[in-house]
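Analysis of the macromolecular model
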Amino acid sequence: MKKLLNAKIVEKHWIWAIAPVIIFLVAVIVFTSFAVTNKDVTKGMNIGIDFAGGSILTVELGSDILNDKSKYDEHYKAIENILTSSDIAKQVVEIAKEMGIEISESAAVASISYVQTSGSGGEMSLVIKYDNISSTFDNATNDLTTERNKLLENQIKSYYETNYADAGVTISTSYIGATASADLIKTALIAVSVSLVLILIYIMIRFEVLSGVAAIMGLIHDVAMMVFLVIIFRIQVNSAFIAALITIVSYSINNTIVVFDRVRENKKKEIGGSKSMGRIRNAIVDNNKIVNASVMQTLTRSINSTITTMVAITLFAIIGTASVREFALPVIFGLVAGFYSSLVIAPSLYCLMKNSIDKRKLMDRDGAVKKDKPKYAGVKN
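All values reported here derive from a predicted model rather than from experimental measurement. (Residues numbered from 1 in each chain as written. Predicted model: local features only at pLDDT ≥ 70, side-chain atom pairs only at ≥ 80, totals over all residues. Heavy atoms only, no water.)

Focus: the overall build of the protein
Along the backbone of the protein there are 17 helices and 4 strands. When burial is assessed residue by residue, the protein has 43% of its 381 residues classed as buried. Long-range contacts, defined as pairs at least 24 residues apart, comprise 73% of the intrachain contacts of the protein with a sequence gap of at least 6. Of the roughly 19,700 Å² of accessible surface on the protein, 61% is carried by carbon and sulfur atoms. (Helix = DSSP H or I, 4+ residues; strand = E, 2+ residues; numbered from the N terminus. Buried < 20%, exposed > 50% of the residue type's maximum accessible area, 1.4 Å probe, protein only. Contact = heavy atoms within 4.5 Å. Areas by Shrake-Rupley, 256 points an atom, 1.4 Å probe, with all protein chains shown as cover.)

This is the structure we're talking about:
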C-alpha cells in the first residue's frame, strides 16, 4: 500500500501522452482514408443528416408487418438492397453526365443513416433516413439528389406493385436540408465555451490559476479523444453527439476537481496548516510528491464514480435504439478519457507548470539554483 501511495505518476508524464497520440494518429488515418476514397472531406466523419442534410423514405406497411421481426427484416432488407443498388448508382452517374456533373458510382450510392418506425396500427411506417449526394458533386439546388430520390422511389414502388400488389403500400420521399445545423453547432460551441470559462473562473477562485489551466487542458483532451474515437468507430455525428459532448464537458471535470482539492489540502498540511489561500498558492513545496499522493488518495473515489456511471450508460448502449447508442457511445468514450485525464494528464500538466514557476522563484530568491544540491525535490534543474 505504501508503495502504491508513493507511485511516481507526474514524473512519467511523457508515457501518459503515448495513448492520446496513438488515438490521434489512427483517427487521422481513418479520416483521411474515407475522405480520399469518397473524394469529399466531409466523408472523413460520419456526419448525420442533422448537419449534412438528407432524405427520408417513408413506407407505410402497418403494424401486422412491422411488429413481426421476420417480416420486418424481409421488407427492410428489400428496401436496403434498392437504396444501395449499384444499378441505381449507374443511372445516377449517367444523369449526372447529362447535367455536366462528374461523379463516381460509390459517391452516388445512398448511405443509410438509421432506421426507425413511426405511427401505429395500419398507418405504422418504416422510416429510413439516408444522406443526400454531397455538395461536392451536386449543384446548389440539389438537382442530382432529387433525381436519385425519384429513381429510388420508383424502384421501391415497382418492387411493391410486383410483389405486394394487394397490400396497398404507401411510399413517400422527402428531402431535408441542413438548415438547422448552423444554429445547432453555434449553440453547442457557445454552451461549451461558456462552460469552460465558468469552470476556469471557479477553479481559479477555489484553488489557483494553474489548477484551472490544467483542468481546462484536461477537458480539451477529453473532448478531443471523444471526437477522435467517434471518427475511428464511424459513429454518426448528429444532435445526439452534440448532447453527448456537452454532457462530457459538464461531467468529466468532477474527478479533476476532486484531485486538485486533495492537492490543496495536502499542500496546506505541508506548509503547516495555513488557512491563507495566498500563502498556499505561493508556497514552494515538493509538487511532485504532493500531487502523486493526492492522485493515489483519490483513486478509489475516481474509479467508483466512473464505474457507476459507465454501468448505466453501457446498458443504454446495449439495449437502446440506434439514436440512443449514438448518444451513449460518445459518452462512454468521454468518460474513459475523463478518468484518464483526471488521474495523469491534468496533474502532470499542473506539475510541469508549477515546477517551472517555482524554479524561477528560487532563482530570483537565491540568485541561482545549485545543480549539485537542489533545495526541493519537486523542482528539477
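Regarding the side chain of Arg264
Structurally, the position occupied by Arg264 is in helix α13 (residues 253–270). The exposure class assigned to Arg264 is buried, which follows from its relative accessible area of 14%. A distance of 2.9 Å separates the side chain of Arg264 from the side chain of Asp261, its partner in a polar contact. (Polar contact = N/O pair within 3.5 Å; in protein donor to acceptor, adjacent residues only side chain to side chain.)

With respect to the packing of aromatic side chains
Think of a pair of aromatic rings as described by two things: how far the centres are apart, and how the planes are tilted against each other in angle. In the structure shown here, the tally under the stated rule is 6 aromatic pairs. For the pair Tyr160 and Tyr164, a centre-to-centre distance of 5.5 Å together with 40 degrees between the ring planes defines the contact as tilted. You can call Tyr160 buried: its relative accessible area is 3%. By the ring-pair criterion, three or more aromatic residues cluster together here, those being Tyr159, Tyr160 and Tyr164. (Phe/Tyr/Trp six-rings, centres within 6.5 Å; stacked < 30°, edge-to-face > 60°.)

Observations concerning the pattern of salt bridges
All told, the structure shown has 11 salt bridges when counted by the stated rule. Between Lys150 and Glu147 there is a salt bridge; the shortest N-O distance is 3.8 Å. In this pair, Lys150 and Glu147 both sit in helix α9 (residues 143–163), 3 residues apart, roughly one turn of the helix. Residue class for Glu147 comes out partly exposed when judged on its relative accessible area of 28%. Of the charged contacts in the structure, one is a salt bridge between Lys157 and Glu153, with a shortest N-O distance of 3.2 Å. Here the residue Lys157 and the residue Glu153 both occupy positions in helix α9, the gap between them amounting to 4 residues, near one helical turn. Assessed through its relative accessible area of 32%, Lys157 is described here as partly exposed. Through salt bridges with shared partners, one network takes in Glu208, Lys267, Lys354 and Asp358. (Salt bridge = Lys/Arg side-chain N within 4 Å of Asp/Glu carboxyl O.)

Here we look at the packing of α13 against helix α15 (residues 287–297)
Interaxial distance between α13 and α15 falls to 9 Å at its minimum, and their mutual angle equals 130 degrees. When the interaxial angle is binned, α13 and α15 end up oblique. Judged by the sense of rotation from one axis to the other, the crossing of α13 with α15 is right-handed. Here Val259, Arg262, Val263, Asn266, Lys267 and Glu270 of α13 come into contact with α15, specifically with Ile290, Val291, Ala293, Ser294, Val295 and Gln297. A breakdown of the residues in the contact of α13 with α15 according to their chemical character gives 6 nonpolar, 3 polar and 3 charged. (Axes fitted to C-alpha atoms, helices over the stretch in contact; angles between N-to-C directions. Parallel < 35°, antiparallel > 145°, perpendicular 65-115°, else oblique. Left-handed = near helix turned anticlockwise from the far one by under 90°. Nonpolar A, V, L, I, M, F, W, Y, C, P; charged D, E, K, R; others polar.)

Observations regarding the packing of helix α11 (residues 209–232) against α13
Close contact between α11 and α13 brings their axes to 10 Å; oriented N to C, the two are set at 155 degrees. Considering their axes alone, α11 and α13 lie roughly antiparallel with respect to each other. The interaxial crossing formed by α11 with α13 has right-handed handedness. On α13, the residues that touch Ser211, Ala214, Ala215 and Leu219 of α11 are Ile253, Thr256 and Phe260.

Points about the sheet that holds strand β3 (residues 125–131)
Picture the strands of a sheet paired through backbone hydrogen bonds; they go either parallel or antiparallel. What the 4 strands build is an open sheet, ordered β2-β3-β1-β4; its pairing is antiparallel. The sheet terminates laterally at β2 (112–118) and β4 (170–176), the two strands that pair on one side only. Strand after strand, the sheet turns through a mean of 15 degrees between neighbouring axes, direction not considered. Pairing analysis gives 7 bridges linking strand β1 (residues 54–60) to β4, with the strands arranged antiparallel. Following the sheet pairing, Val59 is matched in β4 by Ile171. Packing of helix α6 (residues 69–83) onto the sheet brings it into contact with β1, β2 and β3, and relative to β3 it is tilted by some 30 degrees. Across the face of the sheet, α9 comes into contact with β1, β3 and β4 while running at roughly 165 degrees to β4. (Pairing = 2+ DSSP bridges.)

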